[in-house]
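In case you want the letters, here they are:
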Amino acid sequence: MNTTKIIEVVSISRFKQIISEYKSKIKVSPHALDHLSEAQRKVFKEEDLITTLTRENPRGVGLQRNGRYAAFFRRKEGYLRIIFELKTDKLEVITFINTDYIPNLKRLEGKK
């Protein structure tokens, strides 16, 4: 079973509400940077992920089957997919990945 499959669309307004509620409590999991080389870590920092979440508007947001959220941000080439989880005391960025496309979230609208 694909636990990262998006099963529900999250509105941009709901996404902004979540970010607003957790803005001062956003943490980046150590796992999020595991796949980067040391050189890449010097260029790409935790703050970059937090800034993206708090200041940019995503092109789409979805709830995955595993209960985590996936937010897609447009980049020069493709999209940045940030996976995060809401915990009782914080919003934790689990991981991120560059991808060529965004899933067709419109196909999920209206389905419950």
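Structure shown above.
My aim in this report is to walk through the structure given alongside it, one point at a time.

Moving on: the pattern of salt bridges. All chains considered together, the criterion is met by three salt bridges. Residues Glu56 and Arg75 are paired through a salt bridge, measuring 2.9 Å at the closest nitrogen-oxygen approach. In this pair, Glu56 sits in the loop between helix 3 (46-55) and strand 3 (60-64) while Arg75 sits in the loop between strand 4 (69-74) and strand 5 (79-86), placing the two residues 19 residues apart along the sequence. The class of Glu56 is partly exposed, set by a relative accessible area of 32%. With a relative accessible area of 26%, Arg75 lands in the partly exposed category. Notably, a salt bridge pairs Lys87 with Glu92, separated by 2.6 Å at the nearest N-O pair. The partly exposed category is assigned to Lys87, whose relative accessible area is 31%.

Moving on: the packing of aromatic side chains. Within the structure shown, the criterion is met by three aromatic pairs. Arranged with centres 6.3 Å apart and planes meeting at 65°, the rings of Phe15 and Phe73 form a pair that is edge-to-face. Of the two residues, Phe15 is situated in helix 1 (residues 12-22) and Phe73 in strand 4; the sequence distance between them amounts to 58 residues. As far as the burial class goes, Phe15 and Phe73 line up, both buried. Judged by centre distance (5.2 Å) and plane angle (10°), the ring pair of Tyr69 and Phe84 falls under stacked. With Tyr69 in strand 4 and Phe84 in strand 5, the pair connects residues that are 15 residues apart, well separated along the chain. In this pair, the class of Tyr69 matches that of Phe84, namely buried. Three or more aromatic residues joined by ring pairs form one cluster here, namely Phe15, Tyr69, Phe73 and Phe84. Lying across the ring of Tyr22, Lys25 places its NZ or CZ 5.4 Å from the centre.

Scoring rules and cut-offs
- Residues numbered from 1 in each chain as written.
- Predicted model: local features only at pLDDT ≥ 70, side-chain atom pairs only at ≥ 80, totals over all residues.
- Heavy atoms only, no water.
- Salt bridge = Lys/Arg side-chain N within 4 Å of Asp/Glu carboxyl O.
- Helix = DSSP H or I, 4+ residues; strand = E, 2+ residues; numbered from the N terminus.
- Buried < 20%, exposed > 50% of the residue type's maximum accessible area, 1.4 Å probe, protein only.
- Phe/Tyr/Trp six-rings, centres within 6.5 Å; stacked < 30°, edge-to-face > 60°.
- Lys NZ or Arg CZ within 6 Å of the ring centre and 35° of its normal.

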